[in-house]
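Residue strings, one per chain:
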Amino acid sequence: MPIYEYHCPKCKIEFELKRHMSEYNQPAICSQCGSKAQKLISGFASKTGSYLQSPKPPFRRAKAGQ
Ligand SMILES: [Zn+2]
């Protein structure tokens, strides 16, 4: 089962959730506050405009020359 990353705008945390691919774009519930969390997609800003910079870069990283 693939793992998807979600971001809770309330708690400002990210968490991972294992879901079926058919469920991946359904809203995830934050385990901390119970509100809807947003799915993180690299290179995609959410419609709400509350997309925050994540402390660690998501899957797509620029290739470092080192
Ligand atoms: Zn939360």
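Predicted, not measured: the structure shown is a model, and the values here were computed from it. (Residues numbered from 1 in each chain as written. Predicted model: local features only at pLDDT ≥ 70, side-chain atom pairs only at ≥ 80, totals over all residues. Heavy atoms only, no water.)

(A) Here's a closer look at the coordination of the zinc ion. Protein coordination at the zinc ion comes from Cys-8 (SG), Cys-11 (SG), Cys-30 (SG) and Cys-33 (SG), with a distance range of 2.2 to 2.3 Å. In this structure, the zinc ion is surrounded by four donor atoms whose angles at the metal cover 106 to 114°, and the resulting shape is tetrahedral. For the zinc ion, the single-chain donor residues occur in sequence as C-x2-C-x18-C-x2-C. (Donors = N, O, S within 2.8 Å, 3.2 Å for Na, K, Ca; no water. Tetrahedral: all angles 85-135°; square planar, octahedral: opposite > 155°, others 65-115°.)

(B) Inspection of the pairing of strand S4 (residues 36–39) at higher detail. Relative to S4, strand S1 (residues 3–8) runs antiparallel, the two sharing two bridges. Counterpart to His-7 in the pairing with S4 is Gln-38. Across two bridges, strand S3 (residues 28–29) lies against S4 in antiparallel orientation. Residue pairing across strands places Ala-28 opposite Ala-37, the latter belonging to S4. The antiparallel pairing of S3 with S4 creates a hairpin that spans six residues between the two strands, and Gly-34 there sits at a positive phi of about 80°. (Pairing = 2+ DSSP bridges. Helix = DSSP H or I, 4+ residues; strand = E, 2+ residues; numbered from the N terminus.)

(C) Representation of the environment of His-7 in the model. Here His-7 is to be found in strand S1. Of the residues examined, His-7 reaches a relative accessible area of 6% and is grouped as buried. Between the alpha carbons of His-7 and Leu-40 there is a distance of 6.4 Å; along the sequence they are 33 residues apart. (Buried < 20%, exposed > 50% of the residue type's maximum accessible area, 1.4 Å probe, protein only.)

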